[in-house]
Amino acid sequence: MASPLSLDSYHVSEELGFLLPEPLEELPPYYQPWMDAALRVPELVDSHMLRSHIHNMPLLSSQFLKRHRELRLAHLSLSIMTMGYVWQEGENDPVETLPHNLAVPLWEVSQRLGLPPIATHADLVLANWRKRDPDRPFNMDNLELLFTFPGGDSVRGFFMVTLLVELAAAPALRSIPVVINGVRCGQADAVAKGLEDISQSIQEMTDRLKLMHEYVEPSAFYGVLRIYLSGWKDNPCMPKGLVYEGVLTEPLEYSGGSAAQSSMFHCFDQLLGVKHEAQSDAFLTRMRDYMPPAHRQMIHDISLQPSLRDFVQQQDNQKLNQAFQLCVAKVVALRSYHINIVSRYIIVPTARARQLRTKGQFSERDTVSKAPRGLEETGTGGSGIMSFLKTVRDRTRDANLSEKSKDGGNLT
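Residues numbered from 1 in each chain as written. Predicted model: local features only at pLDDT ≥ 70, side-chain atom pairs only at ≥ 80, totals over all residues. Heavy atoms only, no water.

Below, the discussion takes up unusual backbone geometry. A positive phi is found at His11, a non-glycine position, where the angle reads about 55 degrees. Considering the arrangement of structural elements, one finds His11 in the segment before α1 (32-39). With relative accessibility at 61%, the residue His11 sits in the exposed group. Unlike most non-glycine residues, Asp234 shows phi in positive territory, near 55 degrees. Within the secondary structure, Asp234 sits in the loop between α11 (218-225) and β4 (243-244). (Helix = DSSP H or I, 4+ residues; strand = E, 2+ residues; numbered from the N terminus. Buried < 20%, exposed > 50% of the residue type's maximum accessible area, 1.4 Å probe, protein only.)

Attention now goes to the pattern of salt bridges. Counted according to the given criterion, the structure contains 15 salt bridges. For the salt bridge of Arg393 with Asp394, the shortest nitrogen-to-oxygen distance reads 2.8 Å. Look at Arg393 and you get buried, because its relative accessible area is 16%. Classification of Asp394 by relative accessible area gives partly exposed; the value is 32%. Close ionic contact of Arg395 with Asp398 constitutes a salt bridge, the shortest N to O distance being 4.0 Å. With relative accessibility at 32%, the residue Asp398 sits in the partly exposed group. Connected through shared salt-bridge partners, Glu25, Arg130, Arg132 and Glu144 make up one network. (Salt bridge = Lys/Arg side-chain N within 4 Å of Asp/Glu carboxyl O.)

Glancing now at the packing of aromatic side chains. Taken as a whole, this structure holds 11 aromatic pairs when the rule is applied. Judged by centre distance (5.0 Å) and plane angle (40 degrees), the ring pair of Phe158 and Phe221 falls under tilted. Here Phe221 lies in helix α11 and Phe158 lies in helix α7 (residues 153-168), a separation of 63 residues in the sequence. Comparing Phe158 with Phe221 shows no difference in burial state: the two are buried. Here the aromatic rings of Phe221 and Tyr345 are separated by 6.1 Å at their centres, their planes lie at 85 degrees, and the arrangement is edge-to-face. With Phe221 in helix α11 and Tyr345 in helix α16 (residues 318-359), this pair connects stretches of sequence that are 124 residues apart. Comparing Phe221 with Tyr345 shows no difference in burial state: the two are buried. (Phe/Tyr/Trp six-rings, centres within 6.5 Å; stacked < 30°, edge-to-face > 60°.)

Structural data, given as structure tokens:
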């Protein structure tokens, strides 16, 4: 019999979920030029001086980075600089080449971590935080970003709320091994209890997501922050990708940060047996390349476990059936609320920006009108955002146990 599934082997914390525990705030003194530049990205972008600052930065070797947390902080700082460097002048003047003194160490650190050489969800959210007071709880008043982008308080709000959503997933992640091991051992009551705990955790994630409305201004997210989350794959502003000088001569394409890079959604899909349509599934599978390898492995290993849905269908257990149905419903509700957020922060501002351009009503104070046109139809990860999210939500709903499926019919 296979050994019980455990979070330990995947570098997943029972308390913090996929968050990096206690991220470092300083690198060894040799790397101070990286830290100095990364900490000043908002200021240097606003003054149009980041590119020249980076050109004058020394080429530093990554060989003195030894520990995992050092590598994660290095990747975060280098990728923050990269996004600022590429998008300093907005969509009308992106660069075609990343200079070697930034490209080479970013590439080396990325290779060692198994992450792509671009800012990811694992960088900007999972490893980009500190508590103001270590003894106080995780909440908006007690959290700070290590690095940020132009956009002021809304940038902090966006990343901190996303972090709190990730943190709310921790109890669900703790319960996934309980469910899987219960299925293996035929323990219906244990499986039902695990699913109930997962449902409660997902509800808390949805409640945390609602904080976006309080802490993030749509105009600041859409008109200022969003371009710094954009990559150079499926982006009309950079159709050729980006050359990493000193690494390869041909340009490379990488997607920007996206909620699809959050491992928790993938874990829920695999556990509940959600089957996405081909195009969505291909995009989601590609997004796993932007996760830490251990988290990616956890998703894969969950997919190899005995089917939870089959187990639920085979049991004559109303409590178990209801627990499964509730869990699916909570994931559907979370995805629906995410669609609500995307509508407020992307779709509505897009319509406003088009209206302002049509009427020729531009204002230096109106950040929406200056937002990049190339991102109007897509997410920062490169997907057609609303059609993708609605399809994914609807396929999640299809995981419910219909009357037909109980009789052994087609589940979808």
